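A closer look at the structure
As a plain string of letters, each chain reads:
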Amino acid sequence: MVELKDLWLTYPGATQPSVRGVSLRVEPGEFVTLLGPSGCGKTSTLRSVAGLESPSSGSISIGDNEVFNGSSGVEVRTHMRDISMVFQSYAVWPHMTVSGNVAFPLEVAQLPTAEVRQRVAEALQMVGLDSFADRSATQLSGGQQQRVAIARALVRRSAVMLLDEPLSNLDAKLREQMRLELRQLLKTVGLTAVYVTHDQEEALMLSDRIALMNAGKFVEIGTPVDLYLRPRTLFGATFLGAAEIFKVVRTSGTAVETDIGVLQVQVDDAGTDFEHVGIRPEAIRVTQHASPHQIPNQLPGTLVSAVFSGRQQQLIVQLRSGRSIHVLADATTNFAAGQTVYVELPAERLMGLQKEVSPD
Amino acid sequence: MRQGALRSAPWLSFGLLALLLYLVAVPLALLLVSSFKPTGLPLDAGWSLQNFDLVYGDAGFYTLLRNTLTFALGCTVCALAVGGVLAWLVERTDLPFRATARVMIALPMVLPPFLLAMGWVLLASPRTGWFNQLFKDALGLTQAPFNIYSMGGMIFVETLALVPSVYLILSNAFRNMDPALEEAAMTCGARWPQMVRRIFVPLLAPALVAAATYLLIVGFLVFDVPGTLGMPVGLFVVSSRIVYLATDQSGGTSAYGQIAAIAVTFLVLLLALAWSYRRMTRQTNRFVTVTGKGFRPRQLKLGGFKPFAVAAVMLYFVLAVLAPLGLLLWTSLTPYLAAISWEMAGKLTLAQHSSVLSNPRVGAAAWTSIWVSMLSATLVTALALLVAWTVLRARSLGQEARNLIDTLSFMPLAIPGTMIGMALIYVYLTLSFIPVYGTAWILVIAYVTVYLSFTSRTASASLIQLHPELDEAARTCGASPATTVRRIVLPLLLPALAGAWVWVVAHVMRELSTALLLQGDENVTLAVQLWSYWAGGEPSKAAAVGVWLVIVMTVITIVWQRLSARKDVVFGG
């Protein structure tokens, strides 16, 4: 539905490109999130799809139409592209009513009045604002304004909806609620969407696929489950959640020699030369006694501290090698600081991390 | 589908740049060239430093320089002191009748400075001034205590005229100071004097310095007050000297070269000031004390000083509005120039008013003022919107070109109306194939240039508030750039633009010096007509025209206040 090929973007006057050769294919009905730290080029990429930025080279297609091609000089202007967009600042026009805002794209397309009225009513009902149609847009709360912006994007029935951090201006509680609502809404309509955010939890919950971005490039692309449980780069492992990272000295088959000792790994690409291995704190098991069976990756250590936080206990364990690691343990675990414990790093949860991978 | 290179219209931006160069840079360049020509006309043969020799060799030039500096510095210091105290009283103390006080301090805006000066001539001229006669009779003096035709008189009247501007700048600064900043200092153990010295003054400093520089520029370029009070007794500052040299026929046209040399000298000074003003106002933006959070500034209790504070506000109002305007009204009603007295009260007549109102020359002048002011306002507002859009939003132009447009549109702030007038004379005497010299059209060109800096900054300020995503949202909804401007940008900017439009109309209506320099038979404005009554020894007729001008100005100002009050709409959620 949307396809980017080797897209580069350098802003006028800038010395470094903001987007460096990005390629992505979004299938019809798919929800793809561009996730990355601020300044990584995700918004620039999205705005290029909308035609709000002029890329330096590469190509962009929406549906069957090529809307940008750096080598043939094709550049379709924003208002001629089959898109709709939701902005971070909502961009709800303050001099119009709620229905005036939502009707605007249809009025510009010169649809018959009756159809405009019907489609506006439908869109407002979808976002639950049907009783607010005649309110002035400035009388709404932040969350309601965001719904107006979403209705305005839905009403156009475009090939793809672009969303630029649409939830980041809402307060935490509202953000969580809108997140679930948005996902349900877009899945009901079956919309193709490209979504930009820096919030990894948002990306994990909403997306069919996540394109993880850093320094103008896609680092990894995959489903939320893949990216969280089996990241293949150090950046992927640390950006999507907390991780304990161990430096790899040598790899031989399924055994890797690290700075805390030799660990057994169980990954698809075993045998590759990993730079690091990592593990999520919640995947680490801590026991009071060493297991009587010979199990791999069990290491003795000293419990430095145990902090209860309601949902779980946050433990810090110092291993014999001197390295301290964080562990998220069950809330009912009963340990005392200073005692000897055994940590187990399950082989199937160890993540083999390379320096760089091809994102697909 | 369109080719990439044509995505927006660069010809519009380049056309704008060319227009600004023509409006601002060409006149200044011709002024500069003229100053090096022996005849003082830019296209004549030969180059020489003769004009500068003549000007710098003349001891009178240094008197002129000293007078101009004394006047500019004098009214800057006085206006800052008076305006600062008034702003502080209204905004940061428990002064009673606060709302009334605000109106009383802002009201002098409706009184054109030359009318204020004329009112003060009637009040304090050595021979006929009403105050002088009152004091002579009451105290048995043989000599008049006040002489308004002096440097002191000029500074005094100009101060009265400048106080409202100072008040507006500083009261905003006072109001926007978050009391939490002061409270924080007090919770750190600071006492009042320490708090004032370490927190209050430094926070206020950017606003103070910017206000001072602005006043200094105005002090250098105003003509109204020095022209009314200094020119008749040969006490000149640069702007009145230029008008004198240009309109005084005894010197012939040869004075043009000297005028250009004087103008160039002062322009260098003014542009330097304007440049530093701009740097400073940019800095103040970084000191944003406005948080958008509602708060009430900490107020000092005046206690026993309350009556004095009220009296200070009242005194300013009497001196700046009531007394001069009252005397103008009285003069417009007397059959001949006479002081206020009971026996004259019986002889009051509307004869002057009816004579003036039925005079076709006055009618023609009023019509010229009206259409010139409305047309100039419309053109300059449209131009300002284009400038603001190009500087802030257009992508088709490089950063250097946008900076150039920004600078060109700002420069007129520092160019006195008299100098624009002179420069335009050079331009259109040279480009004689454009037949505007001596017509009202040359006034339109002059006013579009002069008021470009105010309007373009108003337009930029409101365009900055307009989040770019508001118009990008329209583009992603399928609206073309033209539709976006028509349906989204214009409606949102309209209150601010309408405010700027009315402001320009009001200022053109009361503008004197440029109109005086550029006057021909067909383009006499109301202000010029008033001035010629005054200079021609018909003060009663001048006063009658003045009273009507004030009425028109009051109406326009009320409209402006209404429009600017609507600017507080929150844009962009």
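Quick caveat: nothing in here was measured; it's all calculated off a predicted structure. (Residues numbered from 1 in each chain as written. Chains lettered and ligands numbered in written order. Predicted model: local features only at pLDDT ≥ 70, side-chain atom pairs only at ≥ 80, totals over all residues.)

What to know about the overall build of chain B
- Secondary structure summary: chain B contains 25 helices and zero strands in total.
- Against the compact-globule benchmark of 25 Å for 573 residues, chain B has a radius of gyration of 25 Å, which places it among compact chains.
- Referenced to the eigenvectors of the C-alpha coordinate spread, the extents of chain B come out at roughly 85 × 75 × 50 Å.
- Scored against the burial criterion, the 573 residues of chain B give a buried share of 46%.
- Summarising the internal contacts of chain B: among those between residues at least 6 apart in sequence, 78% fall at separations of at least 24. (Helix = DSSP H or I, 4+ residues; strand = E, 2+ residues; numbered from the N terminus. Rg over C-alpha atoms; globule rule 2.2 N^0.38 Å. Buried ≥ 20, exposed ≤ 12 C-beta atoms within 10 Å, placed from the backbone. Contact = placed C-beta atoms within 7 Å.)

A short note on the overall build of chain A
- Scanning chain A for helices and strands turns up eight helices and 21 strands.
- Judged by the C-alpha coordinates and their principal axes, chain A covers about 80 × 50 × 35 Å.
- Split into buried and exposed, the 360 residues of chain A put 41% on the buried side.
- Intrachain contacts of chain A at a sequence separation of at least 6 include 64% that bridge at least 24 residues.

Focus: the nonpolar core
- Counting residues in hydrophobic clusters, the biggest one holds 269 residues, and the most contacted among them are A:Val194, B:Val163, B:Ala263 and B:Met422.
- The greatest single-element share of this core, amounting to 14 residues, is contributed by helix H22 (residues 481-509) of chain B.
- Residues lining this core come from more than one domain, with at least three contributed by each of domain 1 (2-229) and domain 2 (242-353) of chain A. (Core = buried A, V, L, I, M, F, W, Y, C linked by C-beta atoms within 7 Å. Domains from an automatic or database assignment.)

Thoughts on the sheet that holds strand S10 (residues 209-214) of chain A
Residues and elements named next belong to chain A.
- Overall, mixed pairing links the six strands, which are arranged S7-S8-S9-S3-S10-S11 in an open sheet. The open sheet has two free edges, formed respectively by strand S7 (83-86) and strand S11 (217-222), since each of these has just one partner strand. Here the strands of the sheet are splayed against their neighbours by 20° on average, with no regard to which way each runs.
- In this sheet, strand S9 (residues 193-197) lies alongside strand S3 (residues 31-35) in parallel orientation, the contact comprising five bridges. Looking across to S9, one finds that Leu-35 is bridged to Thr-197. (Pairing = 2+ DSSP bridges. Axes fitted to C-alpha atoms, helices over the stretch in contact; angles between N-to-C directions.)

What about the domain arrangement of chain A?
- The assigned domain composition of chain A is domain 1 (2-229) and domain 2 (242-353).
- Here the C-alpha centroids of domain 1 of chain A and domain 2 of chain A sit 40 Å apart.

Quick look at the interface of chain A and chain B
- Listed as interface residues are 31 residues of chain A and, on the opposing side, 26 residues of chain B.
- Only strand S6 (74-75), S7, helix H2 (98-108) and helix H4 (142-154) of chain A provide two or more residues apiece to the side of chain A that touches chain B.
- When the residues that make up the side of chain A that touches chain B are grouped by side-chain class, the tally is 16 nonpolar, 11 polar and four charged. (Nonpolar A, V, L, I, M, F, W, Y, C, P; charged D, E, K, R; others polar.)

Overview of helix H19 (residues 440-450) of chain B
- Most of H19(B) is tucked away, with 10 of its 11 residues classed as buried.
- Looking at H19(B), one finds that the buried residues are B:Ala440, B:Ile442, B:Leu443, B:Val444, B:Ile445, B:Ala446, B:Tyr447, B:Val448, B:Thr449 and B:Val450.

Topic: helix H17 (residues 399-410) of chain B
- The end-to-end C-alpha distance of H17(B), which contains 12 residues, comes to 16 Å, matching closely the 16 Å that a straight helix rising 1.5 Å per residue would cover.
- Among the residues of H17(B), those classed as buried are B:Arg402, B:Ile405, B:Asp406, B:Leu408, B:Ser409 and B:Phe410. (Expected span 1.5 Å × (residues − 1).)

Notes on the sheet that holds strand S2 (residues 19-26) of chain A
Residue and element names in this part refer to chain A.
- The strand order S2-S1-S4-S5-S6 describes an open sheet built from five strands, whose pairing is antiparallel. At either margin of the open sheet sits one strand with a lone partner, and together these are S2 and S6.
- Packed on one face of the sheet, helix H1 (residues 42-50) meets strand S1 (2-9), S2 and strand S4 (57-62) and runs near 120° to S1.

Section: the pairing of strand S17 (residues 298-308) of chain A
Residues and elements named next belong to chain A.
- Relative to strand S20 (residues 340-344), S17 is paired through five bridges, and the arrangement is antiparallel. Within S20, the residue paired with Gln-298 across the bridge is Glu-344.
- Relative to strand S18 (residues 312-319), S17 is paired through seven bridges, and the arrangement is antiparallel. Bridging across to S18, Thr-302 finds its partner in Gln-318.
- Hairpin remark: S17 followed by S18, antiparallel, with three residues in the connecting loop; positive phi at Gly-310, about 90°.

Concerning the environment of A:Leu35
Residue and element names in this part refer to chain A.
- You can see Leu-35 is positioned in strand S3.
- By C-beta crowding, Leu-35 is classed as buried, having 28 other C-beta atoms within 10 Å.
- Between the C-alpha atom of Leu-35 and that of Val-160, which follows or precedes it by 125 residues, the distance is 18 Å.
- Dropping the residues within four chain positions of it, Leu-35 is found in contact with Thr-197, Gln-200, Ala-203, Ile-210, Leu-212 and Met-213.

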